[in-house]
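Commentary on secondary and tertiary structure
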Amino acid sequence: MQFTTVVVAALAAVVPFVQAGPQAHLNNMCDFDVYLWSVSADGSSDMHTLKANGGTYSEDYQVPSQGGVSLKLSNKTQLGAAAGITQFEYTLTDWIWYDISNVDCQTTDCPFQPYGLYMESGKGCPTATCHAGDLTCKEAYTLYNDDWATKACTTDQDITLHLCSESAPEKREVFGVPSKRWAHGKPHGHPHWRH
Ligand SMILES: *[C@@H]1O[C@H](CO)[C@@H](O)[C@H](O)[C@H]1NC(C)=O
């Protein structure tokens, strides 16, 4: 009896938590710590630290009272105009909309500009790649109206942004395999939202 209890407790500690719904993920492959704030019309989270070389962050899709969510990413611990910020933006409607935005940083002060970015969702869903050293990544927002940068997938899919990478070499080990193929036509409109 006691033995059983110990075994069950040990298993519970080892078996990973099964996630309930789709999530937004960050995978920090940079060799420096990254700081994250999850911001929406309803306020900002506390600062989260994503450790260098493999730190991660995940959140269930939030649906704020208005607009979408911006995961603000910096290599500095201050969230302010002086610090270059890259944003992972998502909006959950009848689709999950997602994009990378460099609107709040200027070319060379964008924190991941020297190292690259790769954003993906479920199998067959659109991806976004920013190559290392690209000053004005075409697959991210540089100006507020670069709406071609917005991607969409079905709402059951996760989104992952890999920092300091141009691909997703460790995706399967880190977050599991997305399964459902994005087989629909391009949706209309872009409930894109920032700040
Ligand atoms: C943050 O990133 C920018 C842009 O790459 C860089 O110029 C700056 O030195 C970095 N700051 C720190 C504290 O690493």
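- An unreviewed UniProt entry lists the chain under the name ML-like domain-containing protein, from Coniosporium apollinis.

Notes on the sheet that holds strand 9 (residues 117-120)
- If you trace the 5 strands from one edge of the open sheet to the other, you get 5-1-12-9-10, paired in mixed fashion. Here the strands that pair on one side only, and so sit at the sheet edges, are strand 5 (55-60) and strand 10 (128-130). Pairwise comparison of adjacent strand axes, ignoring direction, gives a mean angle of 10 degrees for this sheet.
- As judged from the 5 bridges shared by strand 1 (residues 23-28) and strand 12 (residues 159-163), these two strands associate in the parallel manner. If you follow Asn27 over to strand 12, its bridge partner there is His162.

Remarks on the site of the ligand
- All residues in the neighbourhood of the ligand are listed as Asn75, Lys76, Thr108, Asp109, Cys110, Pro111 and Pro114.
- Here an oxygen atom of the ligand sits 2.3 Å away from a polar atom, N or O, in the side chain of Asn75.
- In isolation the ligand offers 360 Å² of accessible surface; the protein chains occlude 50% of this area.
- Its residues assigned to classes, the shell around the ligand comprises 3 nonpolar, 2 polar and 2 charged.

Structural notes on the pattern of salt bridges
- Under the criterion given, the structure shown has 2 salt bridges.
- The salt bridge partner of Asp33 is Lys51, with a shortest N-O separation of 3.4 Å. With Asp33 in the loop between strand 1 and strand 2 (34-40) and Lys51 in the loop between strand 4 (48-50) and strand 5, this pair connects stretches of sequence that are 18 residues apart.
- Assessed through its relative accessible area of 22%, Asp33 is described here as partly exposed.
- Take Lys51: its relative accessible area is 53%, and that puts it in the exposed class.
- The closest approach of N and O atoms between Lys72 and Asp104, which form a salt bridge, is 3.9 Å. Within this pair, whereas Lys72 is found in strand 6 (residues 69-74), its partner Asp104 is found in the loop between strand 8 (96-101) and strand 9, the two being separated by 32 residues in sequence.

About the cut-offs
Residues numbered from 1 in each chain as written. Predicted model: local features only at pLDDT ≥ 70, side-chain atom pairs only at ≥ 80, totals over all residues. Heavy atoms only, no water. Pairing = 2+ DSSP bridges. Helix = DSSP H or I, 4+ residues; strand = E, 2+ residues; numbered from the N terminus. Axes fitted to C-alpha atoms, helices over the stretch in contact; angles between N-to-C directions. Near = heavy atom within 4 Å. Polar contact = N/O pair within 3.5 Å; in protein donor to acceptor, adjacent residues only side chain to side chain. Areas by Shrake-Rupley, 256 points an atom, 1.4 Å probe, with all protein chains shown as cover. Nonpolar A, V, L, I, M, F, W, Y, C, P; charged D, E, K, R; others polar. Salt bridge = Lys/Arg side-chain N within 4 Å of Asp/Glu carboxyl O. Buried < 20%, exposed > 50% of the residue type's maximum accessible area, 1.4 Å probe, protein only.

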